[in-house]
Amino acid sequence: MHTMASSDYSRGQSCRRSNDLSSIPLKNGFLSTWSIGFIVVVVSLISPTSSFSRSPNLQHRQCSHSLNHRPILSINSACQSTRASRCLAASSTSDDTLATASSGIGDTERLEKLAQLVNDALDEHGSEVMKTFNARVAVISPDDYADDDDFQQNYLRLGLVASDNFKNDQTVASLPFYDTDGSGLALAPHLVAKVVYDNVLPEGYDGWTGDIGLLAMLLLNEMARLNVDGGTGIDLPKRKEAAQSLMAAWVVSLPTPEEMSLLHPLNWDENVQEQLQSSSTKKIYRLLDDIDDDSSWLNEKVWALDRNKFPETIKIQIGDDAVEERPCFSPDGFRHAVSLVRSRSFFVDGSLRLLPYLDYANHDDFDSYELRDGGIGMLWGSAKGALLKSGKKLGTGDEVRISYGPKGPADYLLDHGFVPPMCRVSSNGAAVSAELSFEVDDADRFRDDKLDVLEYETYELAPMEPLQTFDVTGGPGSTGEPDPAMIQFLRLTKLGGKDAFLLESIFRKEIWGFVSEPVSEDNERGASTAVIDACERALADMMEEGEEGSDGTASEKERLCTMVRESEREALDRTLVYAKQEAEALDLKEYYQERRLKSLGLDSDWSQEDDILGEGGGRVPGGADYDW
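The present account deals with the structure reproduced in this document. (Residues numbered from 1 in each chain as written. Predicted model: local features only at pLDDT ≥ 70, side-chain atom pairs only at ≥ 80, totals over all residues. Heavy atoms only, no water.)

Examining the overall build of the protein chain
Moving on, step 1. Along the protein chain, the regular secondary structure elements total 15 helices and 16 strands.
Moving on, step 2. In the protein chain, buried positions account for 55% of the 628 residues.
Moving on, step 3. When the accessible surface of the protein chain is split by element, carbon and sulfur atoms take 47% of a total near 27,400 Å². (Helix = DSSP H or I, 4+ residues; strand = E, 2+ residues; numbered from the N terminus. Buried < 20%, exposed > 50% of the residue type's maximum accessible area, 1.4 Å probe, protein only. Areas by Shrake-Rupley, 256 points an atom, 1.4 Å probe, with all protein chains shown as cover.)

Rendered as structure tokens:
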């Protein structure tokens, strides 16, 4: 996958690669963000709650609750007049009237209706499909004592509340995978080629959006299967009525494109996307180009060939009194699906997955666990699935939260649409980070040897690509020291001159271990210089503070960009200082030559007494363990 320097990367001006629609889009690599989470929407409910485990008998309870949480991103609950332009009107019409899906995330009535639809489906079919789901989907409101300085605290979204009491690390909910045929609710990338799009996509299809794009295709198909006009989509995977009813309720509850235009950077207007491009080392334009390339190929080679099966738009029934139109098998529909997948998918049991109902859980930096894989009790034994565990003691009606995983500020924003406190400099967050990319130079005379080392001699189960991206960190307690794997990679890429003998085949099995420590002063200088140059370029490419608001004020989206930019600047500054200090101390390091002589017992000065065998404890001919 060819990439350009960020300084040369401008959407609409230079293209990263040719968009050849005559061939199958293939990726050379894809960096997924794992353990992704869910979207936001919502206000306060609490209707009768129910819980179930393996028993089909539902226990109904009334929730008296006190919610304690940190709200994520959305729109102000009051929809005050100063934000009226961003508040979208409710859309509720008669059965034969089409709504435009302009329902806003501040529309409490609509969100309560969606939560009720989901809970009704859980009451009727949950115990049969989910096996364990001791929670309710609820409309969550921000805490009254929310910090007014943090605008993210003023937003609403759907979440999960406990329908029972739990100790720390108890299973609140579980979801079986059914990986073989996809007959459950969980969606995994392998179902695209093996089940749903078999004989539709060419063999070997692998788009630029990777597993996220494959999950987006599965999600679009689930949407199309709910089209009120009928006969659209592919009627796969085959599910029992209970599972399909739960899937339908979940799909209906997903945020609309209009909601996602407020919630997710992939759907922001171009002006704000341009600011985000200049605020982070993780470039949103690369993601947008990947989406555009895949959707263009799919649109021309698959969707446009059968519009009866793959319609550009669909109509979805919302309860009993509304129908909403949404984009489906089109570039706009694909981007919408990708943004949903990025915000709701999790990396569990070695695969990125959509896990309906578990994905309603909101994120918390503390007192929370990531979703994990484990065995789920079934009638015939145990099946693999995902488990949602309580991160602290919970009472009935308390919000159930999870962790979306250890990620940097840009990853959280590009995946979920918010920047948690742990990723913010202003909150003294411990996950303040940026990323730097390095690659083996195309003009390197030893390129083939280095690629051979990366492919076969680095990590047994994970060969390395010639282009690698690494995180650099800042924040409290950080010294700015880079990831040792990054320096190891750079030492290999900078091998040359007198050090090139290490690339000879006789050292092929040991060279990756050799470059885990300094090789030579020239090589170490090259690695340090590469880090310094990369940090300085990244800092130069970032917009200056205060540029986001020409009138001295910044919108909430611009403030999110500022959070990312401040965190990444902190990480890059600390790394730059550390790299410069290392470059000034090259003469203090021990290099390969000294280490090799020491291992051979040849590191001391020669004296005449050394020629006397066995005396003086000095060098004895033949006494060293020579390892050539």
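Re the sheet that holds strand β5 (residues 157-162)
Moving on, step 1. Sheet architecture is open: four strands sit in the order β4-β5-β14-β11, paired in mixed fashion. In this open sheet, the two edge strands, each paired with only one partner strand, are β4 (135-140) and β11 (362-363).
Moving on, step 2. When β5 meets strand β14 (residues 399-402), the two strands line up antiparallel, connected through two bridges. Considered in β14, the bridge of L160 is made with V400. (Pairing = 2+ DSSP bridges.)

Here we look at empty space enclosed by the protein
Moving on, step 1. Counting across every chain of the model gives four cavities of 30 Å³ or more.
Moving on, step 2. If you add up the space inside the second largest cavity, you get close to 80 Å³.
Moving on, step 3. Lining the second largest cavity, in full, are T281, K282, G408, P409, A410, D411, S433, A434, E435, D471 and E568.
Moving on, step 4. Of all the secondary-structure elements, those providing two or more residues to the lining of the second largest cavity are α9 (409-416) and β15 (433-439). (1 Å grid on protein atoms, 1.4 Å probe; cavity = no way out; pocket = protein on both sides within 12 Å on 5 of 7 lines; lining within 4 Å. Points joined across faces, edges and corners; volume = space filled by probe spheres on them.)

Side note on the side chain of K131
Moving on, step 1. Following the sequence through the fold, K131 ends up in the loop between α1 (108-129) and β4.
Moving on, step 2. In this structure K131 is buried but unpaired, with E128 as the nearest side chain of opposite charge at 7.2 Å.
Moving on, step 3. Separated by 2.9 Å, the side chain of K131 and the backbone oxygen of E128 make a polar contact. (Lys, Arg positive; Asp, Glu negative; His and termini not counted. Salt bridge = Lys/Arg side-chain N within 4 Å of Asp/Glu carboxyl O. Polar contact = N/O pair within 3.5 Å; in protein donor to acceptor, adjacent residues only side chain to side chain.)

Re helix α8 (residues 331-344)
Moving on, step 1. Spanning 14 residues, α8 covers 20 Å between terminal C-alpha atoms, matching the ideal 20 Å at 1.5 Å per step.
Moving on, step 2. For α8, the complete set of buried residues consists of G333, F334, H336, A337, V338, S339, L340, V341, R342, S343 and R344. (Expected span 1.5 Å × (residues − 1).)

With respect to the pattern of salt bridges
Moving on, step 1. For the structure on display, the rule yields 33 salt bridges.
Moving on, step 2. Residues R110 and E324 are paired through a salt bridge, measuring 3.0 Å at the closest nitrogen-oxygen approach. Taken together, the residues span a long stretch of sequence, with R110 in helix α1 and E324 in strand β8 (residues 322-327) at a distance of 214 residues.
Moving on, step 3. On the basis of relative accessible area, E324 is assigned to the buried category, the value being 1%.
Moving on, step 4. One salt bridge connects E524 with R491, and the closest N-O pair in it is separated by 2.8 Å. With E524 in helix α13 (residues 521-541) and R491 in helix α11 (residues 484-493), this residue pair connects regions lying 33 residues apart in the sequence.

Some details on the packing of aromatic side chains
We describe a pair of aromatic rings using the distance from one ring centre to the other and the angle between the two ring planes.
Moving on, step 1. Using the criterion set out here, one finds 15 aromatic pairs in the structure.
Moving on, step 2. Residues Y412 and F418 carry aromatic rings whose centres are separated by 5.7 Å and whose planes lie at 55 degrees to one another, so their mutual orientation is tilted.
Moving on, step 3. On the numbers, 6.0 Å between centres and 50 degrees between planes, the contact of F470 with F489 is tilted. Linking F470 in strand β16 (residues 467-473) with F489 in helix α11, this pair joins segments that are 19 residues apart in sequence. For the pair F470 and F489, a shared accessibility class is recorded, and that class is buried.
Moving on, step 4. Taken together, the ring pairs connect W303, F310, F329 and F334 into an aromatic cluster.
Moving on, step 5. Positioned above the aromatic ring of Y369 is the side chain of R372, whose terminal nitrogen or guanidinium carbon lies 5.1 Å from the ring centre.
Moving on, step 6. A cation sits over an aromatic face here: K407 above Y412, 5.0 Å from the ring centre. (Phe/Tyr/Trp six-rings, centres within 6.5 Å; stacked < 30°, edge-to-face > 60°. Lys NZ or Arg CZ within 6 Å of the ring centre and 35° of its normal.)

Overview of the nonpolar core
Moving on, step 1. Ranked by internal contacts, the top residues of the largest apolar core, which has 108 residues, are L355, Y357 and L388.
Moving on, step 2. If one sorts the elements of this core by residue count, helix α3 (residues 210-224) sits on top with ten residues.
Moving on, step 3. Excluding residues that lie within four positions of it along the chain, L388 makes contacts with L160, Q170, T171, V172, A173, L358, A361, L371, V400 and I402.
Moving on, step 4. Counting 40 residues, the second-largest nonpolar core is a separate cluster that includes V472, M486, I532 and Y592. (Core = buried A, V, L, I, M, F, W, Y, C linked by side-chain atoms within 4.5 Å. Contact = heavy atoms within 4.5 Å.)

A closer look at a negative patch on the surface
Moving on, step 1. A grouping of D120, E124, E128 and E241 is seen on the molecular surface, where their side chains present a negatively charged patch.
Moving on, step 2. With three residues, the single largest contributor to the negative patch is α1.
Moving on, step 3. For E128, the position within the fold is in helix α1.
Moving on, step 4. Exposure remark for E128: the relative accessible area of 45% places this residue in the partly exposed category. (Patch = residues over 30% accessible without salt bridge, like charges linked within 9 Å, V, L, I, M, F, W, Y side chains within 5 Å. Charge placed at Lys NZ, Arg CZ, Asp CG, Glu CD.)

Thoughts on unusual backbone geometry
Moving on, step 1. Note that the residue after L236, namely P237, is joined by a cis bond; omega there is -5 degrees.
Moving on, step 2. Mapping P237 onto the fold places it in the loop between α3 and α4 (241-253).
Moving on, step 3. A positive phi angle is found at N199, which is not glycine, with a value near 70 degrees.
Moving on, step 4. Examined against the element boundaries, N199 turns out to sit in the loop between α2 (190-196) and α3.
Moving on, step 5. With a phi angle near 80 degrees, Y357 is a residue other than glycine that sits in the positive phi range.
Moving on, step 6. By secondary structure assignment, the location of Y357 is in the loop between β10 (351-354) and β11.
Moving on, step 7. For Y357, a relative accessible area of 0% corresponds to the buried category.

Remarks on the packing of α13 against helix α14 (residues 556-583)
Moving on, step 1. Contact pair α13 / α14: the axes reach a minimum separation of 9 Å and the direction vectors enclose 150 degrees. Considering their axes alone, α13 and α14 lie roughly antiparallel with respect to each other. Helix-helix and strand crossings are classified by hand; for α13 and α14 the assignment is left-handed. The residues of α14 that touch α13, namely those facing S528, V531, I532, C535, E536, A538 and L539, are R569, L572, D573, T575, L576, A579, K580, E582 and A583.
Moving on, step 2. Looking at side-chain class alone, the contact of α13 with α14 contains nine nonpolar, two polar and five charged residues. (Axes fitted to C-alpha atoms, helices over the stretch in contact; angles between N-to-C directions. Parallel < 35°, antiparallel > 145°, perpendicular 65-115°, else oblique. Left-handed = near helix turned anticlockwise from the far one by under 90°. Nonpolar A, V, L, I, M, F, W, Y, C, P; charged D, E, K, R; others polar.)

Examining the packing of α9 against α14
Moving on, step 1. Running from N to C, α9 and α14 cross one another at 155 degrees; their axes reach a closest spacing of 9 Å. Between α9 and α14, the angle falls in the class roughly antiparallel. Where α9 abuts α14, its residues P409, A410 and L413 lie against L560, V564, S567 and E568.
Moving on, step 2. Grouping the constituent residues of the contact of α9 with α14 by class yields five nonpolar, one polar and one charged.

Description of the pairing of strand β9 (residues 345-348)
Moving on, step 1. Sheet topology places β9 next to β10; four bridges connect them, and they run antiparallel. Looking across to β10, one finds that V348 is bridged to S351.
Moving on, step 2. The antiparallel pairing of β9 with β10 creates a hairpin that spans two residues between the two strands, and D349 there sits at a positive phi of about 55 degrees.

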